[in-house]
Every structure is written in structure tokens, then in C-alpha cells.
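One letter stands for each residue in the lines below.
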Amino acid sequence: MLLTRESIRNIDKWRQAGIKLPNYDVEKVAEKTKENPTWLHFGAGNIFRGFISLLQQNLLDKGLSKTGIIAVESYDYEIIEKIYVPYDNLSMLVVMNLDGTLEIEVIGSISDKIMADLTHSDWKRLKDVFSNPYLQIASFTITEKAYNLKDFSGEYIKDVKEDIENGLDKPKHIISKVTSLLYQRYKKGKYPVALLSLDNFSGNGEKLFNSIKTIAEEWQRKGFVETRFLDYLTDSTKVSFPLSMIDKIVPRPSEEVKKKLEDLGLERMDIIKTSKNTIIAPFVNAEKIHYLVIEDKFPNGRPPLEEAGVIFTDKETVEKVERMKVTTCLNPLHTTLAIFGCLLNYNTIADEMKDPCLKKLVEKIGYDEGLPVVVHPGVLDPKEFLREVIEVRFPNPYMPDTPQRIATDTSQKMAIRFGETIKSYRERPDLKVTDLKYIPLVIVGWLRYLMALDDEGNPMTLSPDPLLEDLRSHISNIKLGDVNSVQDNLKPILSNVNIFGVDLYEVGLGERIESYFKEFIEGPGAVRRVLEKYLGCKG
Ligand SMILES: NC(=O)C1=CN([C@@H]2O[C@H](COP(=O)(O)OP(=O)(O)OC[C@H]3O[C@@H](n4cnc5c(N)ncnc54)[C@H](O)[C@@H]3O)[C@@H](O)[C@H]2O)C=CC1
Ligand SMILES: O=P(O)(O)OC[C@H]1O[C@](O)(CO)[C@@H](O)[C@@H]1O
């Protein structure tokens with residue numbers, strides 16, 4: 001069986017294999033989408049194929065929507081060539097249930113794909129779609145770093161510098177591309193639209209807005225865009241940037257799942273790693289549980305996604321729910337497991353949850369250090385959410401999620417995942433930053449991880465991170481087993497407000513972290529020993 005539009009016409013064959021098919025005519029929806037494009041999504045990767053597209057499929061299945069989503073890829077064109085084109089834009093979602101059963105579903109709601117490549121004819125098509133009055137949403141899952149225009153020294157990165165000089169016609173960075181597309185929309189009729197970031201970080205909509213506004217202002221100063229364009233962009237009845245909280249664990253595609261699909265008779269299920277490091281396959285494996293909370297601000301209307309389980313609410317509630325998830329109840333625990341999982345040679349997050357020390361560490365970070373500063377968001381209960389994460393979601397033995405995946409881009413995540421809690425402790429009169437014992441342990445774990453040696457002292461490959469070279473330039477001066485080599489090498493990292501959101505020395509944690517670090521590098525096995533010492537556990 002091939003995952004193609006033609007093959008899914010043979011409904012009985014797919015049914016016999018136990019695979020659910022779209023309950024609508026995929027071709028017709030694709031046609032309708034061409035005439036009436038309402039939703040573009042930037043970032044054609046795994047979460048889009050396994051979650052966002054599922055929401056729209058849900059509406060199409062119920063007859064609540066008539067059009068699909070157009071996937072836009074602006075960075076890794078191999079995804080389109082190798083994962084969209086050969087499979088007619090279909091994706092296959094494999095849900096890993098807690099009892100080991102799989103629920104498999106062909107997703108047909110991705111109606112088209114576009115490469116946002118200026119040298120390709122697709123660019124013209126993208127400009128047309130973007131200036132279409134029907135367009136309601138341009139959403140994004142492009143990873144947190146893609147929103148950054150500047151490097152850590154505060155300078156515009158190379159592509160952005162060039163984009164600012166070159167104006168509307170040759171943008172390279174995704175934010176400049178989107179700003180240029182928005183200008184087309186403005187010129188065409190000032191039509192309204194919502195730009196919806198579904199990336200996993202605090203204030204995602206605001207960050208998208210600020211980045212786009214920065215480019216627009218630079219272009220306005222150089223005379224590339226009209227001043228009124230800034231009015232359009234900053235008028236939320238025209239262009240909105242809703243905040244969102246997105247939550248579904250969508251690990252990289254796993255060989256085990258691929259094998260199971262092949263056993264069912266599916267062909268061409270190969271997992272690829274692109275030259276830009278995206279690991280992707282025709283299928284997506286994911287957990288069943290998910291949450292999506294979005295600020296209800298869509299000036300050109302939106303599909304009735306509440307019918308697919310999305311919670312629409314006000315900005316303050318999204319902020320609270322997002323803070324709860326990203327800064328305390330899920331992502332800090334994930335990053336903790338990522339760092340120590342790599343150091344202690346774990347292959348899955350679920351296996352780590354069987355390690356009494358690691359389970360205790362995430363409990364301490366979640367319940368003891370995180371929960372006290374969480375503001376109850378109303379729509380979800382933080383304690384119950386945390387319990388579900390620790391007791392149900394992370395330990396799911398069928399989820400092929402790896403610490404190495406979550407360890408990607410850790411430098412971009414520390415400020416949000418740990419810095420926010422540190423700041424709350426600093427601000428609250430009833431709490432002291434120096435009461436924090438376990439968050440510093442994770443920060444130290446990360447510094448130890450950056451030595452690229454596992455706890456036994458064996459070389460370990462580090463996950464991609466835009467700051468890796470910079471960080472390694474300090475850390476590589478330190479030798480395992482030689483506490484004296486620490487010297488001042490940690491100072492530039494620990495005092496970097498861009499990395500942690502605070503200067504860790506100023507808040508009183510720097511020295512403690514340095515001293516923990518020295519214990520961590522005493523020699524092989526020290527990471528495990530230190531965890532046992534501070535957590536009173538036996539790993
Ligand atoms: N995988 C997951 O479980 C979840 C992911 N997310 C969010 O979605 C993001 C993407 O996750 P996945 O789709 O799983 O990853 P992925 O690796 O499968 O896809 C990443 C996507 O982002 C694009 N991208 C990467 N760097 C870019 C850049 N500099 N400029 C423009 N586009 C760029 C890639 O081309 C690709 O389309 C995450 O970083 C996170 O913020 C949110 C919830 C769950
Ligand atoms: O650390 P990352 O790359 O944002 O990934 C975090 C993981 O946890 C989640 O936050 C779960 O919702 C997803 O974004 C992803 O599976």
C-alpha cells in the first residue's frame with residue numbers, strides 16, 4: 001500500500017489494515033482550497049503534520065470546514081521534495097496509546113504545499129495566496145530560533161542585515177519573507193489576517209509581532225515600504241498576533257513504528273534526515289493527549305476549531321496557561337530529562353522516568369520549585385496537568401521520544417524554562433532565589449553536558465544548538481577530573497542575561513552553580529553521585 005491520493009481510494013484495503021481514512025474527498029477539498037485559501041502554515045515539519053493538520057481534518061471530517069491548509073516551507077525545501085511531493089501531501093498520524101495499541105490515521109487536510117523560495121515559481125503563488133482576501137490565518141511552527149533577528153551580542157544576523165539593505169524583493173530570513181508578503185497584502189487591499197505562532201515559547205505572538213515590526217520599521221526608514229504599512233501592521237483589527245499555548249509530544253519518527261507500518265503492508269515509509277537536520281518521514285508518531293489554547297483574535301474570521309478541541313480565550317488566560325506549561329509544568333522537566341538523559345546514556349524519556357533519581361528530580365522541579373509560582377490559569381488545573389505529565393505522559397513506554405531530541409537548542413530555552421521561575425522567586429517577597437536547589441542542579445547539568453562527555457567520560461555527540469560553538473569555546477577549557485581547570489570559564493555563560501534571562505551571579509546563584517559544577521566534574525560517575533547526594537535517591 002502506498003500513501004497516495006490514488007491508493008486511499010481503495011477504502012477497503014486501508015480499512016482491513018485498520019487505518020482510518022479522511023471522511024471527505026481529499027481532491028475536492030484541495031480544489032476548493034485553491035479557489036478559496038483560508039489557512040497557510042509556515043514550517044511543514046512534524047508537529048504540523050501530526051497535530052495542526054489533525055485539527056483541520058477533524059473539522060473536515062465533521063463537515064464543519066470546506067478547505068484544507070496550505071503548507072509553506074521557507075527553510076528546508078527537502079521536506080517538500082521528499083515528504084510532500086511523493087505522498088501527494090498526505091501524512092499518516094500514528095498515535096501511541098498508553099496500552100501499546102496504535103491508532104493510525106491518514107491525514108488529508110494538507111491541501112497544497114509551497115516553497116517560500118524566491119528563486120522558485122512557488123514564490124509568486126505564495127504572494128498570490130498571501131494577498132487573497134479569503135486568507136484568515138498564517139500559522140507558524142518554525143522553532144523558537146527562527147524568530148530571532150539578532151545574535152546574542154545584539155547585532156542583526158547576516159541574513160537579516162542583508163534583508164534590511166535589500167528590501168522587499170530578496171528576503172532570505174523567514175521574518176523578512178513574511179513581512180514582504182504582508183506588504184503585498186497591505187498593497188492589495190489592507191485585508192485583515194491573523195499571524196498565529198504555534199511555537200513553543202512564552203509570548204510567541206508578541207515575539208512574532210516584534211520581529212515583523214522591526215523589519216517593517218527598518219524598511220520604512222529606508223523607504224522600501226509606506227509609513228501607513230506600519231499603521232496596518234500595528235492595527236489589531238487588521239493584523240493580529242494571537243498568543244497560543246501548544247502541547248502535544250510529537251517525537252521524531254521512530255524505526256519501530258516504521259517497522260509496524262511496513263508489517264501492515266505500507267510501502268515507502270522511510271525516515272529521512274535532511275541536510276538541515278530535520279528528521280521526518282511520511283508518518284508522524286505522537287501521543288494522543290494534546291492541548292491547544294489560543295487567544296481569540298482573528299480579524300478575518302477563523303475555522304470553528306473549538307469543535308476540534310481547541311480552547312479559545314482571552315490573552316491573559318493564554319499567558320497564564322502558557323507560563324504554566326512552558327515555564328513550570330512541562331518543558332523545564334523535559335529539558336531536565338534531556339540533559340541528564342544524555343549524560344546518563346538513556347535512549348528514551350520513558351526509560352528515564354524509571355530512574356528514581358531522575359523521577360525525583362523532575363518532581364522536585366515541578367511540584368516543589370515550579371508550582372509555588374504558577375498562577376492558576378482557570379482553563380487547566382496546574383497540579384493535575386503536572387501529575388499527568390509526570391505519571392502518564394513522560395512514562396508512556398510506547399513513546400519513542402529521546403533526550404537527544406529535547407536537548408536540541410537548549411541555549412534558546414534556558415531563559416524561558418528556568419529563568420522565568422528564578423525571576424519569580426526574585427520578585428516574590430515570600431520566596432528567595434537562594435531557596436532554589438534543583439533548578440541550579442539542572443543548569444550545572446547543562447554545563448556538564450556541554451563538555452560533550454557522558455558521565456562515564458566517553459565522548460558524546462551534542463544536539464544541534466545555535467550557540468554551541470560559543471559555549472564550547474569556554475567549556476572546552478575545562479577538563480573532567482580537574483576542578484582547578486574551571487577557573488573563570490563558566491563566568492561568561494552564567495552571567496549572560498540572554499541565555500538565562502538573568503545574570504545568575506546577580507541573583508545569588510552563580511557561586512552555588514560553580515561549586516555544584518566542581519562536584520559534577522570530579523571524575524567519571526560524578527553526575528550520578530551528585531544526584532544521589534542532593535536528591536537522597538539511589539539510581
Ligand atoms: N514536536 C513537538 O512535540 C512540538 C513542537 N512544537 C513547536 O514546533 C516547533 C517545530 O517542531 P517540529 O515540527 O516537531 O520540528 P521539525 O524539526 O519536524 O520541523 C521544524 C520546522 O521548522 C522549520 N525551521 C527550522 N528552522 C527554521 C528557520 N531558521 N527558519 C524557518 N523555518 C525553520 C523547518 O524547516 C521545519 O519546517 C518546535 O520547535 C516547537 O516550538 C510545539 C509543540 C509540540
Ligand atoms: O523542547 P522542545 O524542542 O520545545 O520540545 C518540547 C516538547 O514538549 C512539548 O512542549 C510538548 O508539548 C513539545 O513542544 C515537544 O514535544
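Residues numbered from 1 in each chain as written. Chains lettered and ligands numbered in written order. Predicted model: local features only at pLDDT ≥ 70, side-chain atom pairs only at ≥ 80, totals over all residues. Heavy atoms only, no water.

J.: How would you sum up the overall build of the protein chain? Please name residues and give values.
T.: For the protein chain, the helix and strand inventory stands at 23 helices and 15 strands. For the protein chain, whose C-alpha radius of gyration is 24 Å, the value lies close to the compact-globule estimate of 24 Å for 539 residues. Seen along its three principal axes, the alpha-carbon backbone of the protein chain occupies a region of about 65 × 60 × 45 Å. Within the protein chain, buried positions represent 60% of all 539 residues. Partitioning the intrachain contacts of the protein chain with sequence separation of at least 6 by distance along the chain shows that 75% fall at a separation of at least 24. Accessible surface computed for the protein chain: about 21000 Å², of which carbon and sulfur atoms make up 48%. The centroid of the 73 positive side-chain charges in the protein chain is displaced by 2 Å from the centroid of its 81 negative side-chain charges. (Helix = DSSP H or I, 4+ residues; strand = E, 2+ residues; numbered from the N terminus. Rg over C-alpha atoms; globule rule 2.2 N^0.38 Å. Buried < 20%, exposed > 50% of the residue type's maximum accessible area, 1.4 Å probe, protein only. Contact = heavy atoms within 4.5 Å. Areas by Shrake-Rupley, 256 points an atom, 1.4 Å probe, with all protein chains shown as cover. Lys, Arg positive; Asp, Glu negative; His and termini not counted. Charge placed at Lys NZ, Arg CZ, Asp CG, Glu CD.)

J.: Requested: an account of the site of ligand 2, with residues and values cited.
T.: Taken together, 14 residues form the shell around ligand 2, and within it Asp247, Lys325, Asn331, Arg405 and Lys413 come nearest. A distance of 2.7 Å separates an oxygen atom of ligand 2 from a polar atom in the side chain of arginine 405. Its free accessible area being 370 Å², ligand 2 has 84% of it covered by the protein chains. For the shell around ligand 2, the secondary-structure elements that each account for two or more residues are strand 10 (244-247), helix 12 (331-343), helix 16 (403-406) and helix 17 (410-427). For the shell around ligand 2, the class distribution of residues is five nonpolar, three polar and six charged. (Near = heavy atom within 4 Å. Polar contact = N/O pair within 3.5 Å; in protein donor to acceptor, adjacent residues only side chain to side chain. Nonpolar A, V, L, I, M, F, W, Y, C, P; charged D, E, K, R; others polar.)

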